[in-house]
Amino acid sequence: MAITPRTLVCFDLGGVLARIRRTWPECAAAAGVVIGLPQEQPFELTDFPLFDAFQLGAVPTNEYLRDLAGYLFVDEAQAKAVHNAILDSPYEGTRELVGDLKQLGHATACLSNTNALHWEILNSEAFPAIHALDYKVVSHSVRLLKPEAAVFRLFDLDTQVTPEYVVFFDDHEGNVLAARRHGWNAIFVDHEGDPVAQMRAALAAMEVIPA
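Residues numbered from 1 in each chain as written. Predicted model: local features only at pLDDT ≥ 70, side-chain atom pairs only at ≥ 80, totals over all residues. Heavy atoms only, no water.

Draft legend 1. How the structure looks around the overall build of the chain. Each helix and strand in the chain was counted, giving 11 helices and seven strands. Its C-alpha atoms give the chain a radius of gyration of 18 Å, within 12% of the compact-globule value 17 Å for 211 residues. C-alpha atoms of the chain, sized along the principal axes, occupy 55 × 30 × 30 Å. The buried share of the chain, reckoned over its 211 residues, is 50%. Long-range contacts, defined as pairs at least 24 residues apart, comprise 66% of the intrachain contacts of the chain with a sequence gap of at least 6. Accessible surface, the chain: about 9,600 Å² in total, of which carbon and sulfur atoms supply 53%. If the 15 positive side-chain charges of the chain are averaged to one point and the 28 negative ones to another, these points end up 5 Å apart. (Helix = DSSP H or I, 4+ residues; strand = E, 2+ residues; numbered from the N terminus. Rg over C-alpha atoms; globule rule 2.2 N^0.38 Å. Buried < 20%, exposed > 50% of the residue type's maximum accessible area, 1.4 Å probe, protein only. Contact = heavy atoms within 4.5 Å. Areas by Shrake-Rupley, 256 points an atom, 1.4 Å probe, with all protein chains shown as cover. Lys, Arg positive; Asp, Glu negative; His and termini not counted. Charge placed at Lys NZ, Arg CZ, Asp CG, Glu CD.)

Now the structure itself:
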């Protein structure tokens, strides 16, 4: 892949730039909230029926929190605390990676399935790498979820970058495959490893950054 001023490096957020928790009991423990779900069962985030709808922007925040409170057997303030505890912290080295890309003249972006509550936190100084990105396309705002083909087309229209010059990192295989079908240079990131080391190695191999 050629290095050009129009090379755009696009990141998923959770599992790529931001460390996240992936089960409701884990989130509740981090928030210091006792929930009514059995702690020995995983209860993935998407087990809550409104989770994806909230990511899509199809459910108002107050309705989402009301129903989540009922699901977890807590009050709405506690439900919000548990929901926000899905977000942990930036991965070490993400700010430096985005800074290096920008210094080299590359554009940076995110394409993420997220929601209004999380976006207030992610798009702040608490997550400096995300805050510094040039383009930000998020599901609850555009009302599209990865891996829908339409969201990749919308991203291209918004950024005016042709697919062959987009490098995309995601920790879900289905999203990576969909991005490749669209023509992006998409790379899988293992969130259980070191995401930044994986991304730097891939970018160096493509000559987007120096080896």
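Read on, since the account is not over.
Draft legend 2. Quick peek at the packing of helix H9 (residues 149-159) against helix H10 (residues 173-182). Two elements in contact, H9 and H10, have axes whose closest approach is 10 Å; the angle formed by their N-to-C orientations is 55°. Classed by the angle they form, the pair H9 and H10 counts as oblique. Remark: the crossing between H9 and H10 carries right-handed chirality. Judged by residue contacts, Phe152, Arg153 and Asp156 of H9 engage Asn175, Ala178, Ala179 and His182 from H10. Partitioned by chemical class, the residues of the contact of H9 with H10 number three nonpolar, two polar and two charged. (Axes fitted to C-alpha atoms, helices over the stretch in contact; angles between N-to-C directions. Parallel < 35°, antiparallel > 145°, perpendicular 65-115°, else oblique. Left-handed = near helix turned anticlockwise from the far one by under 90°. Nonpolar A, V, L, I, M, F, W, Y, C, P; charged D, E, K, R; others polar.)

Draft legend 3. Broad picture of the environment of lysine 146. In this structure, lysine 146 sits in the loop between helix H8 (139-142) and H9. Not counting residues up to four positions away in its chain, the partners in contact with lysine 146 are Asp12, Leu111, Ser112, Asn113, Val151, Phe152, Phe168, Asp170 and Asn175. One polar contact links lysine 146 to aspartate 170, side chain to side chain, over a distance of 2.7 Å. (Polar contact = N/O pair within 3.5 Å; in protein donor to acceptor, adjacent residues only side chain to side chain.)

Draft legend 4. Representation of helix H1 (residues 24-31) within the structure. Taken residue by residue, H1 has Trp24, Pro25, Cys27 and Ala28 as its buried positions. Angularly, the buried residues of H1 cover 160° about the axis, an arc narrow enough to put them on a single face. Those residues of H1 that are buried are in contact with helix H2 (51-55), helix H3 (61-72) and helix H4 (76-84). Its side-chain oxygen 3.3 Å from the backbone nitrogen of glutamate 26, threonine 23 forms the N-cap of H1. Count one or two residues on from H1 and you reach glycine 32, which has phi positive near 70°. (Arc of directions from axis to C-beta.)

Draft legend 5. The pattern of salt bridges, seen in detail. Counted under the stated rule, the structure contains seven salt bridges. Lysine 146 is the partner of aspartate 12 in a salt bridge, and the nearest nitrogen-oxygen pair spans 2.9 Å. Placement of aspartate 12 in the loop between strand S1 (8-11) and strand S2 (18-20) and of lysine 146 in the loop between H8 and H9 is noted, with a sequence separation of 134 residues between them. Lysine 146 matches aspartate 12 in its accessibility class, with the two residues each being buried. Connected through shared salt-bridge partners, Asp12, Lys146 and Asp170 make up one network. (Salt bridge = Lys/Arg side-chain N within 4 Å of Asp/Glu carboxyl O.)

Draft legend 6. View of the sheet that holds S1. The strand order S5-S4-S1-S6-S7 describes an open sheet built from five strands, whose pairing is parallel. Unpaired on one side and paired on the other, strand S5 (135-138) and strand S7 (185-188) mark the two borders of the sheet. Neighbour to neighbour, the strand axes of the sheet diverge by 20° on average, direction disregarded. Pairing geometry for S1 and strand S6 (residues 166-170), over four bridges, is parallel. Bridging across to S6, phenylalanine 11 finds its partner in phenylalanine 169. The strands touched by helix H11 (residues 195-205) within the sheet are S1, S6 and S7, with S6 carrying the most contacts at an inclination of about 155°. (Pairing = 2+ DSSP bridges.)

Draft legend 7. Summary view of the packing of aromatic side chains. By the definition in use, this model includes 10 aromatic pairs. Pairing phenylalanine 54 with tyrosine 64 gives two aromatic rings, centres 4.0 Å apart and planes at 15°, and the pair type is stacked. Placement of phenylalanine 54 in helix H2 and of tyrosine 64 in helix H3 is noted, with a sequence separation of 10 residues between them. Ring pairing ties together the aromatic residues Trp24, Phe48, Phe51, Phe54, Tyr64 and Tyr71, which thus form one cluster. (Phe/Tyr/Trp six-rings, centres within 6.5 Å; stacked < 30°, edge-to-face > 60°.)

Purely spatial values, then, with no claim about function.
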